[in-house]
Every structure is written in structure tokens, then in C-alpha cells.
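Structural characterization, general
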Amino acid sequence: MAGGSIGDKIGLKEELIKKACSFAFKAHKLPQDKYYLLEKIRTSSEANLIISFSGSWDAADWFVSKPFGETKIDLELFPSLRSIGNDEPALVNEAFLKRFNLILGKSSIKSEVNKAMTEGKQIIFTGHSSGAAVAILATFWALEEYLNPTKNQNHKPPFCVTFGSPLVGNHIFSHASRRENWSSYFIHFVKRYDIVPRIFLTPCSSIEQNFSSILQSFTPKYKASSQDSIRRGNVTCEFYSTVMRNAATVTSHAACTLMGSTNLLLETVTNFVDLSPYRPFGKYIFCNGNGQLIVISNSDAVLQLLFHTAQLSDLAELSEVASKSILEHLAYEDELQDSLEMQNVVYLDQLEDLPLSADGSNSDIATTSTALDGLGLSTRARLCLRAAGELQKQKNRNEEKISKEIKEKAQGSMGELEAYKATCEIHTGKGYYYAFKVQKEGKDFQANVKRLVLAGVWDEIIEMLKRYELPDEFEGKQEWIKLGTSFRRLVEPLDIANYYRHSKDEDTGPYMDKGRPKRYRYTQRWLEHANRVTKGVISESSFWAEMEELCRWNSNKKPFEGIKERVVQLEQGIKKWIDKGELTKNVFLKDPTFVKWWETLPEEYKVTSCIGSLITLKV
């Protein structure tokens, strides 16, 4: 789709994009002991602060280990950069992370950002080359610090504008940025042949012989002799060929996955070939060299474009394209100035409907097809983009499917279990945990049927999440967090009662160690992340399991001092959950299992217990 000012579409004025580009390249001239530039810019409507990071042309600042130089992200600094349910941290380039940590620790950037945020300025982090990678990490840090939803902050979200940025992290960067609704704040400009955004699709061992030489070609003051140029020309051709060959392997594997291939060779290829973990994220704007800008946000499609747009054409020679892949990395300013003036912009939104060839009957299709031609995209490349769009649609359909199952199966079962819980408390005077555990009446059997129905629905949801078959935004949506929390609080006590009723702990071990299903672990993590609280072990829905273990300790006549600390932690948790309204006193006061456990505690301890005043021993 074409049309509309790009500044309006992406939320950042063209004037600021131009300034960001200029300052990103200006930062390369900084002395080694200065890592960034601060530029205050005032537009007609607001004050802005541009922070541009310098890059490095030292190979050690790009790769610190083999094969790809990745490491787990520091979750204390970047708590959102993880898959919540899977409890999987993002992988990030270790060299870039070390450089960012150095800047954060040695410079005054924290105070500068805090001052600008407090004053209501719009901050734009920017950088070119490896400076762009640092800008990305700085933006994530600022988003974590100043857009925490639990702090009721009213700060303007920072933007990140990069030029020729290398890839920084794995697929979880994209997953997490979309879940947190941060993806639109990252804008990456990439020239069609620029080699740097493709470099990290290649293992270090494949390029290390030539990498330092290539980096020297990027230095602003680099000048080569004629003989040196010939030698470097050969190095450049070899470097370009190696990077693109590895990019082909990564994107082909990804394309097969997009298209649902069941080829056994695809499943085993990773056992023989190291595939790069790095993936694009955020909004990409491809500059095709003819003044046209192509905007795309689907990260799976961007990965395909990084390979297919930099291919040799029928007429171009390897040496020509290889040289261009280096030169374009340093030529963003002039082209961007012209392109932003022309406003010839195409937005690739409905990827599943991309034309495979020109169609003059529809102006939008013709414009889009021309843009794809300008990027040199073959029919195969367009099919890959279509597959990326179709995958996103399938994820949305999967969410619609489970929403339907929640309405048709889960809601009714939840209502019947709520009624069962109330009936147990009102008519028997005992809690539903105890009633379900002893299974003396027909209604207990019916409650078990509903428990199993709900387990089936939620297990299906969890399996989809494990395979990333649901939209990235899923785990951050309030409606799913609320549904998951209600389900967990109502149903998990029944799972625990069933576990200990059948003495599964004797064979398998404690419920919390070996028996707790993922459907409860995942939904607990959703709520903890939404509330930005530390991951807990025992929750308001699983404390019954801890109580059962403490009962077992007491029944074996073991000394109280051996479990006193656990008892204190459990009771502190119960008081906290009652104070927050997440538990009611009736949940445990009417339950014989809880009362029996309480009675076994030493009298001198019960006097000092934080929940002692809440307990009335009436069963």
C-alpha cells in the first residue's frame, strides 16, 4: 500500500529522522573516550534530545566468542526481554551488550536520560553500524526504566532510529518487543545491498580472516592505494559471498518453516549446520536506491528480504555487487535526504496478498509490484513474504480458535466449579479443597470432570505458546492474564488435592517440584510479569501443596525447627494474599486439612504467627 507521509505513519517527523542520520554519522568522529553525542533539537511542537552512539571498527567489539558471539540477556537490566511462559531469556550479541554496559557504567547517560524524561522531552536514540546496536540496547533500557506500567509514569516513549544496524538479538527480541507494544519505537533503515545488517547470519569462523579488513573499509578516514584496492577487492568478493551463502542457509531454513515443510532433512539440518540465532525486529525501512522507501514490520518477512534484496542480478557482476555492499554502508545520508523529500513510500502490510507479478488493473497493486521489482524480488522471494504474512494470520486464527473454546467449553465449566466451591462452603461447612480430596459425593466426581475439561483447553493453549503459534502480543493481553489467573486460582487447588489424594508425591516427589502442570506455571508468570513482581515459587493457588508437604513433615514426627522457616514464609504469603484480596479467610478456615495442620504447630509459635489472629478453629 502506498501513500501518506512517512513521518505521520511511523510517528516520528522527517526532520528528526534526517537529524538522527546526520548525528549518527557525526558520532563516528568522537574520540575513543567519548561514546555518544547529545543534541538538543526543537521542532515546532516539542523539545527533543537526540543521543547518537559511536561505532567501533575493532573486530573484538563485534564478536567475542564463537560461533555467533551470543549470550543470555541480563534480565535484571532488561526484565522484559524474555518469553514469559517459556521462561526463556533473549539471546543478545555479547560484544554489543558489554559496550552498552560500559557506557551505562562509565558515562553520565543515566542522568542525561532521566533529566530529559523528567522535562518531557522526546528522546531519540540513534546510531550507525555497531553504534546502532548500542542505540537499540539503550532504547530497551529506557523503555524498561521509564515505561513500566506499574509505576503510573507519564513519560514519552523513546524512539530508536538506526542506519545499517547489525542484528542484535534472537527471535525473542521481536517476540518481547511486540508483546510489550514497543516494536513501533524501533525504526531501522537498511540500504538494499548494505552487508552489515546481514553479517551476523554468518558464524565468526567463516569470516574472521577477512572481517578486520572489511571493518577498516568502514572507517571514515580510510583511503586505499591502488594495489591495496585490488587486494581488498578480492577480500570483499570473498566476504560478500560467504555472508550471503550463510544468509541463504538461514533464510531457506526459515522459509521452509514458514511454509510448513515436513521434510526430515529440514528437521535434522541443525544437527550438522550452525544456524545463526540472530533475527530482525521492529520496523524496517528498505532504501532501494531509486528514492523509494519500503516499510515493513513483519520480522519473518524482513529476514527474507535481508537475503533476497542483496542478490546478484542477471547483469551485475560479483565484484560490482560486493563493492556496493561495502560502499552502501557509508552512504545513508545523501539517499535518505532525497528519499524523505520525495515521499515515495510503500507500506508492505497485507503480505499474504502481495502480487507475484504486475497487475495494471489496480493502482495499489501496481505500485506495490513496482516497489518489489525495485528491490529485485523474485517470485520465490515474494512467495516467502506471502508465507510470512500467512503465518501471522494463522497465529491470529489460532487465538480466535482458543477464544471460541474458552466460551464454549471453559466458561461453563468454570461457572460449575465456582458453584461447587460455594456449595461446599455453605452446605457442608468445609472447604472445596477438602471435599474434592476425600471424594465422598457425586458432585465431587462431576467437579473432577470439569477440572479435566478445563485442563484440556488450557493445555492446548500452553502447547501453542511453547511453539510460538499464537500472536506475540498474547501473553501481554489483559483479558488473557485475567482469564489465566481466574482459572489458576479456582482449579489448581483441585489438581493439588487430586495429586495428594492419590499419593503421587510418594512416587514422583512434591507437587511443586515434579507435579505442577505448565498451565499453572505459565499463567502465574503472566500475572507476575504484568505486575512487575519477582517470580514466586509458591502462589495463592499453589500454597496447598506446600501445606501438604509440611503436614507430611509433622506426621513423620520431625522437629519443627527443621521447617520453621518454610512455615513462616507460607503464613506470610497467606496474609499477603488475604490483604490483597486474592484469598478469602474461608478458603482455609473451613478446611479440615488446614486446621489439622495448624493444630500440629507448637503453641508458642502460634502465639506469634502473623495469621494467628485470623484463625478460628471451627470446622
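One numbering rule holds for all chains: residues counted from 1, following each sequence as written. Reporting in this predicted model follows two pLDDT cut-offs: at least 70 for local features of residues, and 80 or more for side-chain atom pairs to be given and counted; totals over whole chains, interfaces and linings ignore these cut-offs and use all residues. Processing note: side-chain calculations cover all non-hydrogen atoms of the structure and skip hydrogens and water entirely.

1. As for the layout of surface pockets
Put simply, the test is: A pocket here means an open set of points on a 1 Å grid, computed over the protein atoms alone, that has protein on both sides within 12 Å along at least five of seven lines. A cavity is instead a set of points where a 1.4 Å probe fits but cannot get out; residues with an atom within 4 Å of a point line either one. Grid points are joined across faces, edges and corners, and a volume is the space filled by probe spheres set on the points. Secondary structure elements follow DSSP: runs of H or I of four or more residues count as helices, runs of E of two or more count as strands, with numbering from the N terminus. Side-chain classes follow a simple rule in which Ala, Val, Leu, Ile, Met, Phe, Trp, Tyr, Cys and Pro form the nonpolar group, Asp, Glu, Lys and Arg form the charged group, and the remainder, Gly included, forms the polar group.
The calculated volume of the largest pocket comes to roughly 1,400 Å³. Lining the largest pocket we find 44 residues, and of these Leu258, Ser299, Asp300, Leu391 and Lys395 sit closest to its centre. Only α6 (171–179), α9 (226–258), α11 (299–308) and α15 (379–428) provide two or more residues apiece to the lining of the largest pocket. Considering each element in turn, the lining of the largest pocket owes the most residues, 8 residues, to α15. Across the lining of the largest pocket, the residue classes break down as 12 nonpolar, 20 polar and 12 charged.

2. A closer look at the nonpolar core
Applicable threshold: In plain words, nonpolar cores are sets of buried Ala, Val, Leu, Ile, Met, Phe, Trp, Tyr and Cys residues tied together by side-chain atoms within 4.5 Å. Exposure classes here rest on a 1.4 Å probe applied to the protein chains alone. A residue is buried below 20% of its type maximum, exposed above 50%, and partly exposed in between.
Among the nonpolar cores identified, the biggest contains 126 residues, and Phe53, Phe78, Phe173, Phe189 and Phe286 are the most heavily contacted of them. Sort the elements by how many residues they give to this core and helix α5 (residues 130–146) lands first, with 11 residues. With 63 residues, the next largest nonpolar core counts Ile402, Tyr522, Trp544 and Ile574 among its residues.

3. Side note on the side chain of asparagine 288
Short version of the rule: N or O atoms within 3.5 Å of each other form a polar contact, as long as, within protein, one can give a hydrogen and the other can take it, and as long as residues adjacent in sequence are counted only when both atoms are side-chain atoms.
Mapped onto the elements, asparagine 288 comes out in the loop between β10 (283–287) and β11 (292–296). Of note is the side chain of asparagine 288, whose polar atom sits 2.8 Å from the backbone nitrogen of asparagine 290.

4. Side note on a nonpolar patch on the surface
Rule in force here: Surface patches are defined over residues having more than 30% relative accessible area and no salt bridge, joining like charges when they lie within 9 Å and nonpolar side chains (Val, Leu, Ile, Met, Phe, Trp, Tyr) when within 5 Å. Surface accessibility in these figures is a Shrake-Rupley result with a 1.4 Å probe; residues are shielded only by whichever protein chains are displayed. For salt bridges, the criterion is a side-chain nitrogen of Lys or Arg within 4 Å of an Asp or Glu carboxyl oxygen.
Where nonpolar side chains cluster on the molecular surface, the patch consists of Met259, Leu356 and Leu383 and spans about 240 Å² of accessible area. Along the polypeptide, methionine 259 turns up in the loop between α9 and α10 (264–268). Given the relative accessible area of 45%, methionine 259 is considered partly exposed.

5. Some points on the environment of serine 205
On the secondary structure map, serine 205 appears in helix α8 (residues 204–217). Taking the C-alpha atoms as reference points, serine 205 and aspartate 300, 95 residues apart in sequence, are found 26 Å from one another.

6. A few points about the sheet that holds strand β7 (residues 122–128)
Stated precisely, the cut-off is as follows: Here, a strand pair is defined by DSSP locating no fewer than two bridges between the strands. What counts as an axis is a line fitted to C-alpha atoms, over the stretch in contact for a helix, and the angles between N-to-C directions run from 0 to 180 degrees.
Pairing in this open sheet of 8 strands is mixed, and the strands run β1-β2-β7-β8-β9-β10-β11-β12 from one edge to the other. Single-partner strands in this sheet number two, and they are β1 (36–42) and β12 (344–347). Across this sheet, the average inter-strand angle for adjacent strands is 20 degrees, counted without regard to direction. Pairing of strand β2 (residues 47–53) with β7, which is carried by 6 bridges, proceeds in the parallel orientation.

7. A look at the packing of helix α18 (residues 478–501) against helix α22 (residues 543–555)
For clarity, the threshold we go by: In these notes the angle categories are as follows: under 35 degrees is roughly parallel, over 145 is roughly antiparallel, 65 to 115 is roughly perpendicular, and the rest is oblique. Two residues qualify as a contact provided that any one of their heavy atoms is within 4.5 Å of a heavy atom in the partner residue.
Contact pair α18 / α22: the axes reach a minimum separation of 9 Å and the direction vectors enclose 30 degrees. Taken together, the axis directions place α18 and α22 in an arrangement best described as roughly parallel. Counting all contacts with α18, which are made through Pro493, Ile496 and Tyr500, the residues of α22 involved are Trp544, Ala545, Glu548, Glu549 and Arg552. Looking at the contact of α18 with α22, its residues break down into 5 nonpolar, no polar and 3 charged.

8. Structural notes on the pattern of salt bridges
For the structure on display, the rule yields 37 salt bridges. Of the charged contacts, one joins aspartate 373 and arginine 382 as a salt bridge, the two residues approaching to 2.4 Å between their closest N and O atoms. The class of aspartate 373 is partly exposed, set by a relative accessible area of 47%. Classification of arginine 382 by relative accessible area gives buried; the value is 3%. Each member of the salt-bridge network shares a partner with another, and the members are Arg488, Arg489, Glu540, Lys580 and Glu582.

9. Some remarks on the environment of alanine 142
Tracing the backbone through its elements, the reader meets alanine 142 in helix α5. For alanine 142, a relative accessible area of 0% gives the class buried. Each C-alpha atom of the pair alanine 142 and valine 567 lies 40 Å from the other, and the pair is 425 residues apart in sequence. Residues in contact with alanine 142, not counting those within four places in the same chain, are Phe125, Leu147 and Pro158.

10. Here we look at the pairing of strand β8 (residues 159–163)
Worth spelling out the cut-off: With the strands aimed away from the viewer, a crossover counts as right-handed if its path from the first strand over the helix to the second runs clockwise.
Here β8 lies mainly inside the structure; 5 of its 5 residues are buried. On β8, burial covers both faces: Phe159, Val161 and Phe163 on one face and Cys160 and Thr162 on the other are all buried. In this structure, β8 lies alongside strand β9 (residues 186–191), joined through 4 bridges in parallel fashion. Residue pairing across strands places phenylalanine 163 opposite phenylalanine 189, the latter belonging to β9. Taken together, β8, α6 and β9 constitute a β-α-β crossover, and its handedness is right-handed.

11. A closer look at helix α2 (residues 14–26)
Rule in force here: Here the expected length of a helix is defined as 1.5 Å per residue gap, with one fewer gap than residues.
Helix length check: α2 (13 residues) gives 18 Å between terminal C-alpha atoms against 18 Å at 1.5 Å per residue, within 8%. Taken together, the buried positions of α2 are occupied by Glu14, Leu16, Ile17, Lys18, Ala20, Cys21, Phe23, Ala24 and Phe25.

12. Re the confidence of the model for the chain
What counts, and what does not: For every residue, the predictor states its confidence as a pLDDT score lying anywhere from 0 to 100.
Predicted confidence across the chain gives a mean pLDDT of 89, with 93% of residues reaching 70 or more. Within the chain, β8 carries the highest mean pLDDT (98), whereas α10 carries the lowest (59).

13. Considering the packing of aromatic side chains
Operational definition: When the centres of two rings from Phe, Tyr and Trp lie within 6.5 Å, Trp using its six-membered ring, the rings pair. Their planes under 30 degrees apart give stacked, over 60 give edge-to-face, and anything left gives tilted.
What the rule picks out here adds up to 36 aromatic pairs. Look at tyrosine 36 and phenylalanine 53: their rings are 5.9 Å apart centre to centre, the planes differ by 55 degrees, and that puts the pair in the tilted class. Note that tyrosine 36 is positioned in strand β1 and phenylalanine 53 in strand β2, a separation of 17 residues in sequence. Taking 5.8 Å as the distance between ring centres and 80 degrees as the angle between the ring planes, the aromatic pair formed by phenylalanine 474 and tryptophan 526 counts as edge-to-face. Remark: tryptophan 526 occurs in helix α21 (residues 518–530) and phenylalanine 474 occurs in the loop between α17 (442–466) and α18; sequence separation between them is 52 residues. Note on accessibility: phenylalanine 474 and tryptophan 526 belong to one class, buried. A network of ring pairs unites the aromatic residues Trp62, Phe63, Phe96, Phe200, Phe211, Phe239 and Tyr278 as a single cluster.

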